[in-house]
Each structure stands twice: as C-alpha cells, then as structure tokens.
Amino acid sequence: MARLINRIRFGRGLVLLLCGVYFAVPLASSVIFSVDDNKGGTTFRAYTELLNAPGFLDSLVLSLELAGVTVAVLLLLLVPAMLAARLGAPKLRPVIEVMCSMPLVVPVVALTTGIIGVLRWGPDYLQDTPLFQTIVAIQDPKFPIVLVIAYVLMALPFAYRALDAGLRGVDVATLVEAARNCGAGWLRAVFTVVLPNLRSALLNAAVLTVALVLGEFTTASILGFAPFSVWINSNGKSDGQMSVAVSMLSLLIVWLVLLLMSAAGRGRKAARA
C-alpha cells in the first residue's frame, strides 16, 4: 500500500514538473530575449520605453474600468435570475442555461459584425428620435458602453457555469426558508445568508470575466476602440524586443489583477471566519 502511494506521489510530482517546465521555459526564454542587449549584457530599454509610451496608462485604466463594469452588470443580471429560477420557477432553469450558453456557438467576429450592423442602422432610422443620442453615447471612446454589452455576452457562459456550480453546492431554498423563519425579509435573506455562501462562486465568475475582458482583442479592434489589449498590439510592432516585452507585460498585469482579486476574496472570508 505504501509503495502504491509513493508511486502515485511520484507520478503526480512528475506531471507537475513537466507542466511547470512546459510553461516556464517559453516564459523564461521570452524574458531573457527582451532584456538581452546583444552584447552579452542586460538592458531594460524595451520595458522602460513601453511604460513611458503615450497611452499606456489610459488604455490600462480603460480596460480595468470596462472589466469592473462588466462584472457588475453580469452579476446583477445572472444572480437574481438564477436565484429566482431555483426558488420560484425551477422549470425555467433549462431555459436560462440554454440562453446563457448561446454565445458559445456564435463566433466573436459574427457577434461584432452584428453589433456594427446595429450601430449603422441606428443613425439611419433613429436620427430624429432621442434614441439617436443613446447610439452615440454608447460609442464614446472615453468609455465605450458598447464594449461592455459585447463583453457581457461573451462572458455569460463562463460566469453562468461558475455560479451554477456554486448554487449546486448550496441548498438555497433551505437557507432562505430558515432566514425567513427567523424574521428576515427576502432581500435580507438573500444578501446576508445566500450570497455569503456563494462567495467563492461569485469570485470565480468575476475572475473569469476580468480575464476575458483584459485579454479580448478582436471586438475592440474591429469597433475601433483602444483598451489595453489593442494598445499593446499597436505598440509592440516597433521592434522584436518591445513586442516580447509587450506580451510579458500584459501577462504580468493580468496575473497581478487576478491574484489581487483572489487574495481579496480569501481575505474577506478569513476575516469573517
């Protein structure tokens, strides 16, 4: 028995080692290439020029703002709908699941083409109506709401799966009933009893959404906006080292944001415990 356990541990360690090498070697090679000065020394010219490039901070802040608003809108749409389906209309759960999964079968380019069609249709037919200003407002380059709409649709399947997994592990009906028996109203029962038990699911949905928004390029590029993903693409073509530096910097920023979100979630959980 002990020999079998040792074999399992050895096999697990070997798999983890191979996975680590598979990911670490390309990253380490990229870092070395980006700081090599071709004379046997080290230079951080690519990174300093990149950080000082015009538009770097503005594009990063825009992407973070888009990610935050997308997470808020997505959770405000999904959480009430999924809770209502579990508490009062269980027959609607398959309908919600199908609707939330539909963006997976629609290519991003096709979705973006549809958005362009709607945006072009607006000025032709809504020019003399108040809705025309709405079409103009959602395309404001300072904060393009149209990107939030697109990102909500793209992240819908992933956020739904994360929340659904959390709801499957919690008896929502029993929790709400217990809270109601203790004198709590519906809103208080949801906010003080149900949502704290879904903290991990909510955090997972938020992390997946943020990762998608920070890395999404196609829609923003086609629509002509410049969040961080588009900026790093346009500013990484000047030379080879800067191109690699852009890629490494984008990976580092995305990892840092996701780690901060995960640490914040664990910190609140530990504080309440």
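Below: a short report on this structure. Within every chain, residues take consecutive numbers counted from 1 along the sequence as written. Per-residue local features of the predicted model are confined to residues with pLDDT of at least 70, and side-chain atom pairs are confined, for both listing and counting, to 80 or more; whole-chain, interface and lining totals are unaffected and use all residues. Heavy atoms from the whole structure form the basis of all side-chain values; hydrogens and water molecules are not counted.

Helix and strand definitions follow DSSP, with helices as H or I runs of at least four residues and strands as E runs of at least two, each counted in order from the N terminus. Summing up its helical and strand segments, the protein has 13 helices and zero strands in all. We compute the radius of gyration over the C-alpha atoms and compare it with the globule rule, which gives 2.2 Å times the number of residues raised to the power 0.38. Against the compact-globule benchmark of 19 Å for 273 residues, the protein has a radius of gyration of 23 Å, which places it well outside the compact range. Each principal axis of the C-alpha distribution contributes one length, and for the protein these read about 80 × 75 × 35 Å. Each residue gets one of three labels from its accessible area relative to the maximum for its type: buried under 20%, exposed over 50%, partly exposed in between, using a 1.4 Å probe on protein chains only. For the protein, buried positions account for 35% of its 273 residues. Each accessible area is a Shrake-Rupley estimate made with a 1.4 Å probe; only the visible protein chains count as cover when residues are assessed. Surface exposure of the protein reaches about 16600 Å², of which carbon and sulfur atoms provide 67%.

Note on definitions: salt bridges are taken to be side-chain nitrogens of Lys or Arg within 4 Å of carboxyl oxygens of Asp or Glu. Considering all chains together, one arrives at three salt bridges under this definition. Measuring nitrogen to oxygen at the nearest pair gives 3.4 Å for the salt bridge that ties Asp164 to Arg86. Here Asp164, found in helix 7 (residues 145-168), pairs with Arg86, found in helix 3 (residues 56-87); they are 78 residues apart in sequence, far enough to count as distant. Like Asp164, the residue Arg86 is buried in the burial classification. Here Glu97 and Arg161 are joined by a salt bridge, their closest N and O atoms 3.0 Å apart. Taken together, the residues Glu97 in helix 4 (residues 93-101) and Arg161 in helix 7 connect sequence positions 64 residues apart. The class for Arg161 is partly exposed, based on a relative accessible area of 42%. Via salt bridges that share partners, Arg86, Asp164 and Arg168 belong to a single interconnected network.

Before going further, it helps to spend a moment on the packing of helix 8 (residues 172-181) against helix 9 (residues 186-197). Think of two packed helices as two axes; the pair is described by the angle between the axes and how far apart they sit. At a minimum axis separation of 9 Å, helix 8 and helix 9 run at an interaxial angle of 135°. For the element pair helix 8 / helix 9, the angle class is oblique. Note on packing geometry: the crossing formed by helix 8 with helix 9 is right-handed. Contact with helix 8, carried on its side by Val172, Leu175, Val176, Ala179 and Arg180, involves Trp186, Ala189, Val193, Val194 and Asn197 of helix 9 and no other residues of that element. For the contact of helix 8 with helix 9, the residue count by class is eight nonpolar, one polar and one charged. Axis definition: a line fit to C-alpha positions, over the contact stretch in the case of helices; interaxial angles, taken between N-to-C directions, run 0 to 180 degrees. Here the word oblique covers every angle except those under 35 degrees (roughly parallel), over 145 (roughly antiparallel) and from 65 to 115 (roughly perpendicular). Helix crossings fall into two classes, left-handed where the near helix is turned counterclockwise from the far one by less than a right angle and right-handed where it is turned clockwise. What makes two residues a contact is simply this: any of their non-hydrogen atoms within 4.5 Å. Under this grouping Gly is polar, as are all residues other than the nonpolar Ala, Val, Leu, Ile, Met, Phe, Trp, Tyr, Cys and Pro and the charged Asp, Glu, Lys and Arg.

This part is about empty space enclosed by the protein. A pocket, in this scheme, is an open set of points on a 1 Å grid over the protein atoms alone with protein on both sides within 12 Å along at least 5 of 7 lines, while a cavity is a set where a 1.4 Å probe fits but cannot get out; residues line either one if an atom lies within 4 Å of a point. Grid points are joined across faces, edges and corners, and a volume is the space filled by probe spheres set on the points. Counted under the stated rule, the structure contains two cavities of 30 Å³ or more. Estimates place the volume of the largest cavity at around 60 Å³. The wall of the largest cavity is formed by Met82, Ala85, Arg86, Arg93, Ile96, Tyr160, Asp164 and Leu167. Secondary-structure elements contributing two or more residues to the lining of the largest cavity are helix 3, helix 4 and helix 7. When grouped by side-chain class, the residues that make up the lining of the largest cavity number five nonpolar, no polar and three charged. Here the second largest cavity defines a volume of roughly 30 Å³. What lines the second largest cavity is simply Val79, Met82, Leu83, Leu163, Leu167 and Leu198. Contributing elements (two or more residues each) for the lining of the second largest cavity: helix 3 and helix 7. In terms of residue count, helix 3 provides more of the lining of the second largest cavity than any other element does, three residues in total. Residues of the lining of the second largest cavity, tallied by class, amount to six nonpolar, no polar and no charged.

A pair of Phe, Tyr and Trp rings is counted when the ring centres sit within 6.5 Å of each other, with Trp represented by its six-membered ring. The angle between the planes then sorts it: under 30 degrees is stacked, over 60 is edge-to-face, the rest tilted. In the structure shown here, the tally under the stated rule is four aromatic pairs. On the basis of an interplanar angle of 90° and a centroid distance of 5.3 Å, the ring pair of Tyr22 and Phe23 is categorised as edge-to-face. The exposure class assigned to Phe23 is exposed, which follows from its relative accessible area of 54%. Where Phe56 meets Phe228, the ring centres are 5.9 Å apart and the plane angle is 70°; that geometry is what we call edge-to-face. Of this pair, Phe56 sits in helix 3 while Phe228 sits in helix 12 (residues 228-234); the two residues are 172 residues apart in sequence, bridging distant segments of the chain. An identical accessibility class is assigned to Phe56 and Phe228; each is buried. Joined through ring pairs, the aromatic side chains of Phe56, Phe228 and Trp231 make up one cluster.

The subject of this paragraph is the nonpolar core. With 73 residues, the main nonpolar core has Leu78, Leu83, Leu163 and Val210 as its most contacted residues. No other element matches helix 7, which puts 14 residues into this core. Dropping the residues within four chain positions of it, Leu83 is found in contact with Leu167, Val172, Val190, Val194 and Leu198. To form a nonpolar core, buried Ala, Val, Leu, Ile, Met, Phe, Trp, Tyr and Cys residues must be joined to one another through side-chain atoms within 4.5 Å.

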